[in-house]
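Observations on the three-dimensional arrangement
Each chain is listed here by its residues.
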Amino acid sequence: MTQRKTYLTEMSAKAACSKAARSQLVESRAKLDNIRAAIKQATTTGRLQPSKQLNQALGAIEVNFAAAETQLRVLQKSGEDDWEERRVDLDEAWEDLARSIAILVARFSDESRD
């Protein structure tokens, strides 16, 4: 493969990775918005009492969401030599975000049953 073709292939892979990550972030934001609405509804109807743990879980998601967005921007700005390393950082940030969403969902489920 010529050097130009290799570069274009690398950049195509980077663009595809970036696009997929952006889609995941948009989907995660929508999921978070739905969870927030459910929490608000449950709090309004008295099925759920506001709690420190629930607020901490929401805060962790926001922190992890911001970290994932930052890592995506870093990946988008990276060059052909280091974008795959940035992808590893983005994957780690994504895992942290997914884990924090799962914790919030579990916390909401536990607290709304009480």
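Residues numbered from 1 in each chain as written. Predicted model: local features only at pLDDT ≥ 70, side-chain atom pairs only at ≥ 80, totals over all residues. Heavy atoms only, no water.

**Quick look at the overall build of the protein chain**
A count of helices and strands for the protein chain gives three helices and zero strands. Across the protein chain, helices and strands are ordered from the amino to the carboxyl terminus as α-α-α. Evaluated residue by residue, the protein chain yields a buried proportion of 28% over its 114 residues. Counting only contacts in the protein chain whose residues sit at least 6 apart along the sequence, the fraction spanning at least 24 positions is 80%. As displayed, the protein chain offers around 7,400 Å² of accessible surface, 51% of which is attributable to carbon and sulfur atoms. (Helix = DSSP H or I, 4+ residues; strand = E, 2+ residues; numbered from the N terminus. Buried < 20%, exposed > 50% of the residue type's maximum accessible area, 1.4 Å probe, protein only. Contact = heavy atoms within 4.5 Å. Areas by Shrake-Rupley, 256 points an atom, 1.4 Å probe, with all protein chains shown as cover.)

**Quick word on the environment of Leu32**
Relative to the elements of secondary structure, Leu32 occurs in helix 1 (residues 3-44). Among the residues examined, Leu32 registers a relative accessible area of 0% and is labelled buried. Sequence separation of Leu32 and Leu58 is 26 residues, and the distance between their C-alpha atoms is 8.8 Å.

**Focus: the nonpolar core**
Formed by 23 residues in total, the largest nonpolar core has its most connected members in Ile39, Leu97 and Leu104. Secondary structure elements with two or more residues in this core: helix 1, helix 2 (52-77) and helix 3 (83-113). Excluding residues that lie within four positions of it along the chain, Ile39 makes contacts with Leu48, Leu54, Leu58, Leu104 and Phe108. (Core = buried A, V, L, I, M, F, W, Y, C linked by side-chain atoms within 4.5 Å.)

**Here we look at the pattern of salt bridges**
Under the definition given, this model contains five salt bridges. With a shortest N-O distance of 3.2 Å, Glu62 and Arg29 are connected by a salt bridge. Highlighted residues: Glu62 in helix 2 and Arg29 in helix 1, separated in sequence by 33 residues. Overall, the relative accessible area of 28% leaves Glu62 in the partly exposed class. For the salt bridge of Asp96 with Arg99, the shortest nitrogen-to-oxygen distance reads 2.7 Å. Of the two residues, Asp96 and Arg99 both sit in helix 3, three residues apart, roughly one turn of that helix. Judged by relative accessible area, Asp96 falls into the partly exposed class, the value being 34%. Relative accessible area serves as the criterion here: at 45%, Arg99 is assigned to the partly exposed category. (Salt bridge = Lys/Arg side-chain N within 4 Å of Asp/Glu carboxyl O.)

**What to know about the environment of Phe65**
Locating Phe65 in the fold gives a position in helix 2. On the accessibility criterion, Phe65 (4% relative accessible area) is buried. Taking the C-alpha atoms as reference points, Phe65 and Ser28, separated by 37 residues in sequence, lie 8.5 Å from one another. The contacts of Phe65, once residues within four sequence positions are left out, are Leu25, Ser28, Arg29 and Leu97.

**Description of the packing of aromatic side chains**
Evaluated as defined, the whole model comprises zero aromatic pairs. Seen from the ring of Phe65, Arg29 lies directly overhead, with NZ or CZ sitting 4.1 Å from the centre. (Phe/Tyr/Trp six-rings, centres within 6.5 Å; stacked < 30°, edge-to-face > 60°. Lys NZ or Arg CZ within 6 Å of the ring centre and 35° of its normal.)

**Points about helix 2**
Here helix 2 contains 26 residues, and its C-alpha end-to-end distance of 38 Å stays within 8% of the 38 Å for a straight helix at 1.5 Å per residue. Of all the positions in helix 2, only Leu54, Ala57, Leu58, Ile61, Asn64, Phe65, Ala68, Leu72 and Leu75 are classed as buried. (Expected span 1.5 Å × (residues − 1).)

**What about the confidence of the model for the protein chain?**
When pLDDT is averaged across the protein chain, the result is 85; 89% of the residues are at 70 or more. Of all secondary-structure elements in the protein chain, the lowest mean pLDDT belongs to helix 1, at 82, while helix 2 reaches the highest, 92. (pLDDT = per-residue confidence, 0-100.)

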